[in-house]
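Residues per chain, in single letters:
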Amino acid sequence: MTRLAALLGLELPLLQAGMGAVAGPALCAEVSRAGAGGTLALYKEPPARAARLVREVAAATSLPFGVNVVPEVVGPASCLDQLRAVLHELPQGSFVTSFGLPDPDAARAVQDAGHPLVIQIGTPEDADTALGQGAAALVLQGTEAGGHLLGRLPGHLLLAAVRARHPHAVLAVAGGIATGSDLADAVARGADGAMAGTLFVPAAESTAHPQFKRRVIEAVADDTLITSLFDIGWPQRRHRVLRNPLTAAADRAPATFIATSRVDGREHPVPRYSAAAPSGGTTGRIEEMAMYCGRSCSGVTAARTAAETVAQIRWEYENARRPPGACPGSAANAARTNTFQRLYPSQER
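Residues numbered from 1 in each chain as written. Predicted model: local features only at pLDDT ≥ 70, side-chain atom pairs only at ≥ 80, totals over all residues. Heavy atoms only, no water.

Here helix α2 (residues 25-33) lies mainly inside the structure; seven of its nine residues are buried. Turning to α2, its buried residues number three or more, namely Pro25, Leu27, Cys28, Ala29, Glu30, Val31 and Ser32. Tucked inside the fold, the buried residues of α2 contact β1 (14-16), β2 (39-41), α3 (47-60), β3 (66-69) and α12 (306-321). Downstream of α2 by one or two residues, Gly35 has phi in the positive range, about 105°. (Buried < 20%, exposed > 50% of the residue type's maximum accessible area, 1.4 Å probe, protein only. Helix = DSSP H or I, 4+ residues; strand = E, 2+ residues; numbered from the N terminus. Contact = heavy atoms within 4.5 Å.)

Take a look at the structure:
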């Protein structure tokens, strides 16, 4: 067990990223039940709906799970409103992740409520600030990661830099995690665990649009690129996305409405170059929308349930961490192996 797993009460030191349009209650709960860190995306959810979604997850799992806030997008006041609405709904042992540095009042609210605060950062300097705010753990996002990039360093360099500055901090890495071997490599390099987003986009419980899921499965690393195109709703932030007609165009097209997303019974128009990702409730020109995807997509090759995904990662991780020549002799290891074999009967072993 790593320090991240011990801190958050997880069986596997893996967090599922709280991705907007992807990480709803079903995905969060299923990842939690499988023993990893399921995380519910709050993104731009109104406080009342955010609280309702948290209650839905809490009713579906008795194991630890988290919620993710994005202060940079919603602003300090709205982020604090979201947290005030959900903190008393979170069961004991649950955690809060913040994409980017939270406002000091938000950080204090999480700590006062007794929940571990996990802050995702992209620079060594932001790591200093996050730990100064009382973060219990950090997620170090490398440029291999899909989505909104917080820095300009690849993951292994960021991990080395932050570990040197903070040798005793609980650190997870984000970017490049698609297999249990990837997770084991990160731990061997000095991380306490990892966060994965792209890995869970195609999951059966993900709320991503079917076309988004299919493209992630079919993609390889070089089908992604870093761009600043999708800046409506999230300006001044680079993103790693799948290539599409907009990224291939020589000139910027008009920012007219190209799609509609239906959320909680209400329809929201989506302009071209919006930062919004396509969910299952989106209709229109899906192919022109931002499909966030990391370079780890080369290792994401099939649609599975979240439980199957976590089971495979755990099996690969435990085998990668086992000393050379050692046999999985314990009853627990044998049970896990049998579970994996039932899920993946054709998998070579």
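Having put the structure on the table, let's press on.
Taken in spatial order, the three strands make up an open sheet running β13-β12-β14, and their pairing is antiparallel. The sheet is open, and its two edges are formed by β13 (266-271) and β14 (282-284), each paired on a single side. Neighbour to neighbour, the strand axes of the sheet diverge by 25° on average, direction disregarded. Here strand β12 (residues 257-263) runs beside β13; their pairing, made up of six bridges, is antiparallel. Along β13, the bridge assignment pairs Arg262 with Glu267. (Pairing = 2+ DSSP bridges. Axes fitted to C-alpha atoms, helices over the stretch in contact; angles between N-to-C directions.)

Taken residue by residue, the protein chain gives an average pLDDT of 93. The fraction at 70 or more is 93%. In the model, residues 329-349 has pLDDT below 50 throughout and makes 24 contacts with residues more than four positions away in sequence or in other chains. (pLDDT = per-residue confidence, 0-100.)

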